[in-house]
Amino acid sequence: MSLRFVPLDEQGKDISKSRYLFETAFSAEERPPFSVVLAMDHHLFFGAYEGERFIGFTYLVEFEDILYVFFLAVSKRYRNKGYGTGILNEIKARYPSHRLFLLADEVGERYPDNEIRKRRIAFYARNGFVDSGTIITEYGVRYHLLTFGGAKVSEADFYRTMRSLIGEEWTKKLYPDMQKLLG
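Residues numbered from 1 in each chain as written. Predicted model: local features only at pLDDT ≥ 70, side-chain atom pairs only at ≥ 80, totals over all residues. Heavy atoms only, no water.

Colleague: For this particular structure, what's the right way to read the overall build of the chain?
Modeller: When its secondary structure is counted, the chain shows six helices and seven strands. Taking 183 residues into account, the globule formula puts the C-alpha radius of gyration at 16 Å, and the chain, at 16 Å, falls close to it. For the chain, with 183 residues in total, the buried portion stands at 48%. The long-range share in the chain, meaning contacts at least 24 apart out of those at least 6 apart in sequence, stands at 56%. Only carbon and sulfur atoms are counted for the fraction: they give 51% of the accessible area of the chain, which is about 9600 Å². (Helix = DSSP H or I, 4+ residues; strand = E, 2+ residues; numbered from the N terminus. Rg over C-alpha atoms; globule rule 2.2 N^0.38 Å. Buried < 20%, exposed > 50% of the residue type's maximum accessible area, 1.4 Å probe, protein only. Contact = heavy atoms within 4.5 Å. Areas by Shrake-Rupley, 256 points an atom, 1.4 Å probe, with all protein chains shown as cover.)

Colleague: Looking at this structure, how should I read the side chain of histidine 144?
Modeller: With respect to the element layout, histidine 144 can be found in strand E7 (residues 141–148). In this structure histidine 144 comes out as buried when scored by relative accessible area, which is 11%. Within polar-contact distance, the side chain of histidine 144 engages the backbone nitrogen of valine 107 at 3.3 Å. Filtering out sequence-adjacent residues up to four positions away, histidine 144 remains in contact with Leu102, Leu103, Ala104, Asp105, Glu106, Val107, Ile121, Asp131, Thr134 and Ile135. (Polar contact = N/O pair within 3.5 Å; in protein donor to acceptor, adjacent residues only side chain to side chain.)

Colleague: In this structure, what is going on with helix H4 (residues 114–126)? I would like to understand it.
Modeller: Each α-helix turn comprises 3.6 residues. Residues three or four places apart therefore point the same way. With 13 residues, H4 ought to run about 18 Å at 1.5 Å a step, and its terminal C-alpha atoms sit 18 Å apart, in line with that. When we look at burial in H4, the residues that qualify are Asn114, Arg117, Phe123 and Tyr124. Buried residues in H4 make contact with helix H3 (83–94), strand E5 (99–105), strand E6 (129–138) and E7. After H4 finishes, the residue glycine 128 shows a positive phi value of roughly 90°. (Expected span 1.5 Å × (residues − 1).)

Colleague: How should the sheet that holds strand E2 (residues 43–50) be read in this particular structure?
Modeller: Sheet strands pair by backbone hydrogen bonding; their relative direction is either parallel or antiparallel. An order of E1-E2-E3-E4-E5-E7-E6 is seen for the seven strands of this open sheet, with the pairing classed as mixed. Sheet topology places strand E1 (3–7) and E6 at the edges, where each strand pairs with a single neighbour. When the angles between neighbouring strand axes are averaged without regard to direction, this sheet yields 30°. (Pairing = 2+ DSSP bridges. Axes fitted to C-alpha atoms, helices over the stretch in contact; angles between N-to-C directions.)

Colleague: Help me understand the environment of isoleucine 66, please; the structure alone is not making it clear to me.
Modeller: Its location among the elements puts isoleucine 66 in strand E4 (residues 66–74). A relative accessible area of 0% places isoleucine 66 in the buried class. With residues up to four places along the chain from it excluded, the contact list for isoleucine 66 reads Val61, His98, Arg99, Phe101, Asp157 and Thr161.

Colleague: Got a minute to help me understand the packing of aromatic side chains in this structure?
Modeller: Aromatic ring pairs: the centre-centre distance and the angle between the two ring planes describe each pair. A complete count under the given rule lists 22 aromatic pairs for this structure. For the ring pair tyrosine 68 and phenylalanine 101, a centre distance of 4.5 Å and an interplane angle of 5° mean the geometry is stacked. Here tyrosine 68, found in strand E4, pairs with phenylalanine 101, found in strand E5; they are 33 residues apart in sequence, far enough to count as distant. Each member of the pair, tyrosine 68 together with phenylalanine 101, is buried. Linked through ring pairs, Phe22, Phe26, Phe34, Phe45, Phe57, Tyr59, Tyr68, Phe70, Phe71, Phe101, Phe158 and Tyr175 together constitute an aromatic cluster. The aromatic ring of phenylalanine 46 is capped on one face by arginine 94, whose charged end is 5.4 Å from the ring centroid. (Phe/Tyr/Trp six-rings, centres within 6.5 Å; stacked < 30°, edge-to-face > 60°. Lys NZ or Arg CZ within 6 Å of the ring centre and 35° of its normal.)

Colleague: Teacher, can you tell me more about the pairing of E6 here?
Modeller: Each regular strand carries side chains that alternate between the two faces of the sheet. Sheet topology note: the E6/E7 ladder contains seven bridges and is antiparallel. Residue valine 130 lies in a different strand from E7, and its bridge partner there is threonine 147.

Colleague: Can you help me understand the pattern of salt bridges in this one?
Modeller: Oppositely charged side chains are able to pair whenever their charged atoms sit close together. Evaluated as defined, the whole model comprises 15 salt bridges. In this structure, glutamate 52 engages arginine 4 in a salt bridge whose closest nitrogen and oxygen atoms are separated by 3.3 Å. Pair noted here: glutamate 52 is in the loop between E2 and strand E3 (53–63) and arginine 4 is in strand E1, with a separation of 48 residues, a long-range link. The salt bridge involving arginine 117 is made with aspartate 113; its shortest N-O contact spans 2.6 Å. Classification of aspartate 113 as partly exposed rests on a relative accessible area of 29%. Beyond isolated ion pairs, a larger network of salt bridges with shared partners links Asp65, Arg99, Asp157 and Arg160. (Salt bridge = Lys/Arg side-chain N within 4 Å of Asp/Glu carboxyl O.)

In structure tokens, the structure reads:
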């Protein structure tokens, strides 16, 4: 498997495929409008390709020595074939000196899709991500903060990363409980 990353933007040839994948891979409460994703600052939005085939995408947020894997999605026809791992491996290779982290849906019996949530956590664990023990709440949705290789990424690191992406005002609205972390 040889994947390549191509930056995506409004003029990208596969932006409509990316939008469709974004809107079908993530629930409405887990994603902002696609136009907001395209307009965000400090972003690294890449289509993942094998040859000319669009496999999926990743949206990364880089802040200081931190890299947040904000979104990662693989097209339905290519799932369970190693492409998600391939995308994560490419990210790790491109950013070897960064502390990598991502958020994964909270698991628990109260969730009707708990088995899917468990499989996602297991996928990330197979790829070297460990649960930091921190829960992040965003728009009322609870997530586990997972770090690659056990890198130290705190709630304050998450807050600063998001503030760099969406600004102080929106960060205060989305994460009112985190303001106390930075004073």
